[in-house]
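# Coordinate analysis (summary)
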Amino acid sequence: MGYDEVLPHLGSFGPYQRRIFFLVCLPAISCAFHKLAGVFLLAKPDYRCLMPFEASNATFATSPDFLYNMSYPWDALNNKWSTCERLETDFTAEYFDSGRPANTTVSCQKWAYDDSKYESSTVTEWDMVCTKSWLTATSDSLFMVGVLLGSIIFGHMSDKMGRKPIFFASLVIQVVFGVLAGIAPEYITYTISRIVVGATTSGVFLVAYVLAMEMVGPTWRLFAGTIMMMFFSLGYMLTAAFAYFFPGWRALQIALTLPGVLFLCYWWFIPESARWLLSKKRKQEAIDTIQKAAIENKVTIPTEVLDNLIEPEKKEDMDKPAPSLFDLFRYPNLRKKSLLIFFDWFVNSGTYYGLSWNTNNLGGNDLLNFVISGAVEIPAYCFLLLTLNRWGRKTILCGCMLMAGTMLLLTMAVPDTQNWLIVLLAMLGKLAITASYGTIYIFSAEQFPTVIRNVGIGAASMFARVGGILAPYFNLLGDIWKPFPLIIFGAMAFAGGLLSLFLPETLNRTLPDTIADGERFGKKDLVEGTAEEMVELKADTNGDVKKTEEA
């Protein structure tokens, strides 16, 4: 007997679960700070080449047209004066009086930056422009490498050592290296610190997410998971508020980090997961936790339920080899579904983070674009709450990915003068991809067989991280042609939506338990829902299959 047998007596989402759930949702806000901060920490303001005759502290103040004409070559591709090259001449008074521009160009060595939007950023402090602009994309990319490593390392450690100690260890490391990133003297120290912070976001957010999911009943998991993502979206929008009040990048990085200190007090309020304690045969500790919850929920757990919480392992279960990732590729139907799911995770993550980090390149007000990009996530999650259990996972996933692809691809047909329309289409694409990203979590878990579900989700998550790692480099292509990143994300999302049509629906379907079930699941030769049977297969909270007459 496991924790699920306790829930009917304890309550699926009673006062105890609601209190703990609210507390573990708050760190999602802090994790959003760190994941989205790069938009402002690595902000690239307008800049121009600093001329030899100017002082080293010269400002970006707009120069007369004749000075640009005499000092900078024309960049025909981007239809503006070059910001990476200057004309080579002696710049004497006679030269300017002549009115004849020089023909020889040289690369710029120093730049003047527009500080009207950003007091400072890592870009302006370390001159990460022109030939060094790839450093900004690399910093964001390596941050996502840290997220990937953190999901592997902290995920494994939380399964081995417990949810609670890993949550707090991650939190402490996050605060220390978050402050270190804010005082970093150069790019390498800053980037390494951000990699560690990225890893800790997995330790904090994923462990908090698992804690929330493990204590609520099955009927509340969709609600709980979606609400936690809304807290992440709230942190997304609040990041812009911090950027407004802390225009300098160092102050901003430290300001975004320090709220994490408040969560250290959780040690006295957040219990260890009762499910995890039972999985480790720590029965008495699990019972103590359950009894505390029962007192707060004002219920009584029958003694026989508590006495039979842990069932002895069967010898045949102990002798079974552990499932591996290779099992997903040994059979054609499982292989096809797995590859489609992995591609969907790659596309959703890459497009989501690519759009989130690309708000500064859309034109208009950077802060407003960023807030809107976060705000559209709230209606996306509300849409999932209302439709996911009614319309089906496949319909929502395919529809949202196709909508996201269509909106983003349409941006290439919008003239530069209609910047508001580009922003509108990009935000509609962001809304749709957020909804599909939320769907893919549930849809994937229902596609993989029970015996290999964790392995499958773990592999899918790794593909998602690869998408996030590549997203900054896709955004970097915007320096060549502004709509380029949106077109790439749109094409990927549209392709993912079409390919997802080949996945089977999972709503109200009996979920696969074994590898053989997974291979049969979704094959066209299966006869389901026929008039002869007039039955519907449903899975109860334990995953046991029941046949019930169709209403």
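A few points on the structure.

About the criteria used
Residues numbered from 1 in each chain as written. Predicted model: local features only at pLDDT ≥ 70, side-chain atom pairs only at ≥ 80, totals over all residues. Heavy atoms only, no water. Helix = DSSP H or I, 4+ residues; strand = E, 2+ residues; numbered from the N terminus. Polar contact = N/O pair within 3.5 Å; in protein donor to acceptor, adjacent residues only side chain to side chain. Buried < 20%, exposed > 50% of the residue type's maximum accessible area, 1.4 Å probe, protein only. Contact = heavy atoms within 4.5 Å. Expected span 1.5 Å × (residues − 1). Disulfide = S-S within 2.5 Å.

## What to know about the side chain of Thr122
Position of Thr122 among the secondary structure elements: in helix H6 (residues 122-126). Looking at Thr122, its side chain comes within polar contact range of the main-chain oxygen of Leu41, at 2.8 Å.

## So, unusual backbone geometry
Both trends apply: most residues other than glycine have a negative phi, and most peptide bonds are in trans. Its identity is not glycine, yet Cys130 carries a phi of approximately 55°, on the positive side. Not every positive phi belongs to a glycine, and Lys298 is a case in point at roughly 60°. With respect to the helices and strands, Lys298 occurs in the loop between helix H13 (283-297) and helix H14 (303-307).

## Some details on the environment of Cys108
Here Cys108 shows up in the loop between strand S5 (105-107) and strand S6 (111-113). Residue Cys108 is classed as buried on the basis of its relative accessible area, which comes to 6%. Linking Cys108 and Arg86, residues 22 residues apart in sequence, is a C-alpha distance of 6.2 Å. Not counting residues within four places of it along the chain, the set of residues in contact with Cys108 comprises Cys49, Thr83, Cys84, Glu85 and Arg86.

## What to know about helix H22 (residues 484-499)
Look at H22: 23 Å from first C-alpha to last across 16 residues, which is about the 22 Å you get at 1.5 Å a residue. Residues of H22 that are buried include every one of Pro485, Leu486, Ile487, Ile488, Phe489, Gly490, Met492, Ala493, Gly496 and Gly497, and no others.

## Considerations on helix H7 (residues 134-161)
Along its 28 residues, H7 runs 39 Å from first to last C-alpha, staying within 8% of the 40 Å computed at 1.5 Å per residue. Looking one or two residues beyond H7, the residue adopting positive phi is Gly162, at roughly 115°.

## A few points about the state of the cysteines
Per the stated rule, a full pass over the model turns up two disulfides. Between the sulfur atoms of Cys49 and its disulfide partner Cys108 the distance amounts to 2.2 Å. Between Cys49 and Cys108 the sulfur-sulfur dihedral comes to about -125°; the bridge is accordingly left-handed. On the criterion of sequence distance, the pair formed by Cys49 in strand S1 (residues 47-49) and Cys108 in the loop between S5 and S6 is long-range, its members being 59 residues apart. Like Cys49, the residue Cys108 is buried in the burial classification. Covalent S-S linkage joins Cys84 and Cys130, the inter-sulfur distance amounting to 2.0 Å. Where Cys84 bonds to Cys130 through sulfur, the torsion about that S-S bond is close to -95°, and the disulfide is left-handed. Placement of the pair is Cys84 in the loop between strand S3 (80-81) and strand S4 (85-87) and Cys130 in the loop between H6 and H7, with a sequence separation of 46 residues. When its relative accessible area of 26% is taken as the criterion, Cys84 is described as partly exposed.

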